[in-house]
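# Summary of structural features
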Amino acid sequence: KVWQLNRVYEITHNAELSHFLTTYTDGAKKQAEVLQEQYQKNLGITVEINQVTYKQRLQMETEKDYDMVVTGWVPDYSDAYSYLELWISDGQYNHSGYANAEYDKLLKDSQTETDAKTRQDMLFKAEQIFLGEDSALVPLQLRRDQYLINPKISNFNVYFVGYDFDLVYADISE
């Protein structure tokens with residue numbers, strides 16, 4: 001999950017009241033309460049939690065009707081581009097309003113770059129711009145699932161991205 005920040009400078013420097021948008025689940029509420037406490041304790045900023053249904057949260061994100069929001073993304077494939085493409089200025093999932101021409105150019109150019117090292121360097125530079133120079137969001141966690149698998153099962157493949165697991169080649173021994 002990532003914590004998308006909208007109006008970070010104004011919120012943290014003017015210590016104004018901020019609203020924290022999250023989905024109406026127990027887990028999301030607990031996460032929001034921890035962040036709320038940290039804002040108050042460490043920055044002296046009062047944050048109100050606004051829990052809504054998942055459908056409402058998506059609509060409010062699309063309309064950029066929030067100050068801060070916790071949201072998540074699981075990449076479709078194992079490549080940095082699967083994360084970074086989310087914040088292309090006119091991207092479908094860019095609900096933060098983030099825009100940076102250099103970032104956009106690096107991502108666009110990476111699509112046609114044939115040298116793997118050069119492409120990786122381009123994506124790394126884009127990530128440095130996004131997370132470092134622009135501080136467009138704060139990564140909170142990386143999802144990891146654990147599976148308890150019977151030793152009689154072989155060829156049970158677990159993936160970090162896309163489908164969680166693949167049973168195509170799985171087998172059970174007697």
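Residues numbered from 1 in each chain as written. Predicted model: local features only at pLDDT ≥ 70, side-chain atom pairs only at ≥ 80, totals over all residues. Heavy atoms only, no water.

### Concerning a nonpolar patch on the surface
A contiguous nonpolar patch, built from Tyr-147, Ile-149, Ile-153, Val-158, Phe-165, Leu-167 and Ile-172 and spanning about 590 Å² of accessible area, is present on the exposed surface. Mapped onto the elements of the fold, Ile-153 is located in strand β6 (residues 153–154). For Ile-153, a relative accessible area of 32% gives the class partly exposed. (Patch = residues over 30% accessible without salt bridge, like charges linked within 9 Å, V, L, I, M, F, W, Y side chains within 5 Å. Areas by Shrake-Rupley, 256 points an atom, 1.4 Å probe, with all protein chains shown as cover. Salt bridge = Lys/Arg side-chain N within 4 Å of Asp/Glu carboxyl O. Helix = DSSP H or I, 4+ residues; strand = E, 2+ residues; numbered from the N terminus. Buried < 20%, exposed > 50% of the residue type's maximum accessible area, 1.4 Å probe, protein only.)

### A closer look at the packing of aromatic side chains
Applying the stated criterion across every chain yields a total of 5 aromatic pairs. Taking the centre distance of 6.0 Å and the plane angle of 65° together, the rings of Tyr-147 and Phe-156 count as edge-to-face. One aromatic cluster is present, formed by Trp-87, Tyr-98, Tyr-103 and Phe-130 through successive ring pairs. (Phe/Tyr/Trp six-rings, centres within 6.5 Å; stacked < 30°, edge-to-face > 60°.)

### What to know about the side chain of Arg-57
Structurally, the position occupied by Arg-57 is in helix α3 (residues 54–62). Look at Arg-57 and you get buried, because its relative accessible area is 8%. Residues in contact with Arg-57, not counting those within four places in the same chain, are Leu-21, Thr-22, Thr-23, Val-52, Val-69, Val-70 and Thr-71. (Contact = heavy atoms within 4.5 Å.)

### Section: α3
For α3, every residue scored as buried is listed here: Arg-57, Met-60 and Glu-61. Viewed end-on, α3 has its buried residues packed into an arc of 100°, placing them on one side of the element. Positive phi shows up at Lys-64, right after α3, with a value of about 55°. (Arc of directions from axis to C-beta.)

### Focus on the pairing of strand β2 (residues 18–23)
Most of β2 is tucked away, with 5 of its 6 residues classed as buried. Summarising the sheet, β2 and strand β3 (residues 47–52) pair through 6 bridges and their orientation is parallel. Among the inter-strand pairings, Leu-21 is bridged to a residue of β3, identified as Asn-50. What joins β2 to β3 is helix α2 (residues 26–43), and the crossover it makes is right-handed. (Pairing = 2+ DSSP bridges. Right-handed = clockwise from strand over helix to strand, strands pointing away.)

### Some thoughts on the nonpolar core
Residues Leu-84, Trp-87, Tyr-98, Tyr-103, Leu-107, Ala-126 and Phe-130 are the most contacted members of the largest nonpolar core, which totals 16 residues. When contributions to this core are tallied by element, the ones reaching two or more residues are α4 (81–84), α5 (101–110) and α6 (116–133). The biggest single contributor to this core is α6, with 5 residues. Every residue in contact with Leu-84, bar those within four places of it in the chain, is listed here: Tyr-103, Leu-107, Leu-123, Ala-126 and Glu-127. Residues Phe-20, Ala-32, Ile-45 and Val-70 belong to the second largest nonpolar core, which totals 8 residues. (Core = buried A, V, L, I, M, F, W, Y, C linked by side-chain atoms within 4.5 Å.)

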